[in-house]
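The lines below spell out each chain.
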Amino acid sequence: MGHGSSTATVEDEGSGEYTARELSLPMSGHWEIEVVDSPIEPVDSADVVGKYTSLKFGDDGTAHISYYEYIQADGYGVEQLMYAHNNASYTTCDGEAENWDCYKIDFEAIDYPVNFAAFTSLDVDYEGTVHISYYKGTTGDLWLASYAGEGGNCDLFEEWNCWVIDDGGGEDTGLFTSLQAPKRPEEVTSIAYYNKTAGELRFAFFLGTSGNCGPGDLWWCSVVDEVGAGHGQMGLSLAVSELGMPMIAYMDGSDGLAPLGLKVASPAYIQSYANCG
């Protein structure tokens, strides 16, 4: 397979103890490539499968992928939020790879692509539940899909729940999402995203009560920084530290299209002042 050995220091099951282990890495540059999903026949030149991908591993080693799909057929198109995972006991995807299950979570029939279910970001929480944030270009909203198993409200088999988290009040919001699911019971689901109309970097998190957005106003949505309106591309990434502190790395285009700059933002928990948000 062309793999070599590399030594890495890794933590043992969250114990705080670190051990040097031999890992198998593609030192020679050879990778095993599999087609997981692809357009079905007859293929239209406008078909798109696998755009806006996001991948995370669960604790059991299962790979989880969210992605966008656009299929043109019979004079109309369908944009879809898709989810795939391996280690399945069967194969439902339209690619060549075996034991992958592909699943349509949310979809809408449209005349032409408008980025329904775009900019997906996937994460797996401490209980193994998959969450996916995404943008609905048909309405300009931030949405969240979470696996429920049963009793869901958005997919054909009612296994997923889909909720609008921020409708933007008529503004175009929810682009370039970055999601972090809780890794411990005391943490919450959080999402960083872009409001294109207002030119805002925004942050949403599950509050549980007395919020200002999301289903039942159980979420809190707020402005982090002014980054410039109308951007067609935006660098944006959210991570949460072991101490539970979120940090967002993002592109600042508030002074026009050039020069662009890299910024980071994190809550001013300790300081008596803050300079954004």
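Quick look at the structure, then. (Residues numbered from 1 in each chain as written. Predicted model: local features only at pLDDT ≥ 70, side-chain atom pairs only at ≥ 80, totals over all residues. Heavy atoms only, no water.)

The subject of this paragraph is the pattern of salt bridges. The tally for this structure, following the rule as stated, stands at ten salt bridges. In this structure, Asp-166 and Arg-202 form a salt bridge, with 3.1 Å as the shortest nitrogen-oxygen distance. Taken as a pair, Asp-166 in strand β10 (residues 160-166) and Arg-202 in strand β13 (residues 200-206) lie far apart in primary sequence, 36 residues in all. Accessibility classification places Asp-166 together with Arg-202 in one group, the buried group. Arg-202 is paired through a salt bridge with Glu-200; the nearest N and O atoms lie 3.1 Å apart. Here Arg-202 falls in the buried class, since its relative accessible area comes to 12%. Exposure remark for Glu-200: the relative accessible area of 14% places this residue in the buried category. Connected through shared salt-bridge partners, Arg-184, Glu-186, Glu-187 and Glu-242 make up one network. (Salt bridge = Lys/Arg side-chain N within 4 Å of Asp/Glu carboxyl O. Helix = DSSP H or I, 4+ residues; strand = E, 2+ residues; numbered from the N terminus. Buried < 20%, exposed > 50% of the residue type's maximum accessible area, 1.4 Å probe, protein only.)

For the rest of this paragraph, the subject is the sheet that holds strand β5 (residues 76-85). The four strands are arranged β3-β4-β5-β6 in an open sheet whose pairing can be described as antiparallel. What marks the edges here is a single partner per strand, and that holds for β3 (48-57) and β6 (101-110). Looking at each pair of strands side by side, their axes are set apart by 15 degrees on average, direction ignored. Across seven bridges, β3 lies against strand β4 (residues 63-73) in antiparallel orientation. If you follow Lys-56 over to β4, its bridge partner there is His-64. (Pairing = 2+ DSSP bridges. Axes fitted to C-alpha atoms, helices over the stretch in contact; angles between N-to-C directions.)

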